[in-house]
Amino acid sequence: MKINKKPNLFIIGAMKSGTTYLHELISSHPDIFMSQIKEPCFFVRREELKKLAPQMWNNGICGNLQKYMDLFKDVRQEKFVGESTTLYTKYPTISGVPKKIFNFNPEARFIYIMRDPIERTISHYWHNIRVTSEMDDIIKTLTAEPHYQNVSYYAMQLKGYLKYFSLEHFYVCTFEKLISNSEFVVRDIFNWLDVDTKVEILGLNQPKNVAPDSITVSKTNVLSYQVRMSPWARKIMKYVPYRVQKLFTGIYSNSVEKKVSNIETVFDYLRPIQKKQTEELEKLLGMKFPEWSALNS
């Protein structure tokens, strides 16, 4: 099997923190090749991926070196070859990723973009409602499922990587800084990678995946997440006229506004937990995060 140039640049998360937008911005650099498929999840254990994200498991890339390397078959002379997978920082639900990447390429570099942990956790909650249609009280969900908070526990996620890579291998930034000054952040990344910082950056003015005020959720378990995301269902839907898809969606789904009546209770629950975790992050990185207004209010 022909092995192309190994990926040496990874955007590893965090989920709901602007990784798609950043992926697209840095891919405009002529010395950086980013895979067209985002979230290939190659370094995730198959059994963990199937349980957490069956639609990504269905793409068949996880654990398949040939399919993974095919993502980079068009690489020419680019200095950096990369991909973005937010599941790489979802420990302990997703385990063993840092060691796998180290064994694959010990020279790898990482970009880790973080968001106000409270805002990110709440956004994660709404994301899962949208994809699974399983809606429950937010406090009940957050207390029952530590995964939501663990993804916002940035120090813990980074420490797993620092067992194998030095901190110099990481560029860390925040979603808030990326959105407020995208060009500065992207050029700073180019400087960190030692590539030309004066190139034109495409896509700076494009929409930044701003989340809508409402989401569509299924009225019934007939359209379960696993069924909707199965390969056969997705193939069939390609041939279904848009009007029919829209009618079908209207019959079996509702539009739900993303409003939490007890939002202050949610903030009061998360703030002491995530402030402590952020203090750990600040010590680890030697950085402060005043831009995280929900956490610091």
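In what follows, the structure referred to is the one given above.
Cut-off values and rules
Residues numbered from 1 in each chain as written. Predicted model: local features only at pLDDT ≥ 70, side-chain atom pairs only at ≥ 80, totals over all residues. Heavy atoms only, no water. Buried < 20%, exposed > 50% of the residue type's maximum accessible area, 1.4 Å probe, protein only. Helix = DSSP H or I, 4+ residues; strand = E, 2+ residues; numbered from the N terminus. Pairing = 2+ DSSP bridges. Contact = heavy atoms within 4.5 Å. Axes fitted to C-alpha atoms, helices over the stretch in contact; angles between N-to-C directions. Parallel < 35°, antiparallel > 145°, perpendicular 65-115°, else oblique. Left-handed = near helix turned anticlockwise from the far one by under 90°. Arc of directions from axis to C-beta.

Trainee: Can you lay out the pairing of strand β4 (residues 109-114) for me, pointing to particular residues and giving the numbers?
Mentor: When you tally the buried positions in β4, you get 5 out of 6 residues, the bulk of the element. Examined bridge by bridge, strand β1 (residues 9-13) and β4 share 4 bridges and lie parallel to one another. Pairing of Ile11 across the sheet is with Ile111, part of β4. Note that β4 and strand β5 (residues 170-174) share 5 bridges and pair parallel. Counterpart to Ile111 in the pairing with β5 is Tyr171.

Trainee: Which residues make up helix α1 (residues 19-26), and what values do they have?
Mentor: Three or four residues apart is the spacing at which side chains of an α-helix point the same way, because the helix has 3.6 residues per turn. Of all 8 residues in α1, 6 are buried, a share of seventy percent or more. Of the residues making up α1, those classed as buried are Thr19, Tyr21, Leu22, His23, Leu25 and Ile26. Structurally, α1 contributes buried residues whose contacts are with β1, β2 (32-34), β3 (80-84), β4, α10 (175-180) and α11 (182-193).

Trainee: Describe in detail the sheet that holds β2, supporting the description with residues and values.
Mentor: The parallel open sheet is built from 5 strands, whose spatial order is β2-β3-β1-β4-β5. Here the strands that pair on one side only, and so sit at the sheet edges, are β2 and β5. Between one strand axis and the next, the sheet turns by 25° as a mean value, whatever way the strands run.

Trainee: So, the packing of α1 against α11: which residues are in play, and what are the values?
Mentor: Packing of α1 against α11 brings their axes to within 11 Å, and their N-to-C directions diverge by 60°. When the axes of α1 and α11 are compared, the pair comes out oblique. Of the two possible hands of crossing, α1 and α11 adopt the one that is right-handed. Residues Tyr21, Leu22, Leu25 and Ile26 of α1 form the contact with α11, whose own contacting residues are Ser182, Val186, Ile189 and Phe190.

Trainee: Quick one: what's the story with helix α5 (residues 97-104), residue by residue and with numbers?
Mentor: The set of residues buried in α5 consists of Val97, Pro98, Ile101 and Phe104. Projection of α5 onto a plane perpendicular to its axis shows the buried side chains occupying an angular sector of 125°, all on one side. Those residues of α5 hidden inside the fold are in contact with β1, α4 (65-70), β4 and α9 (154-162).

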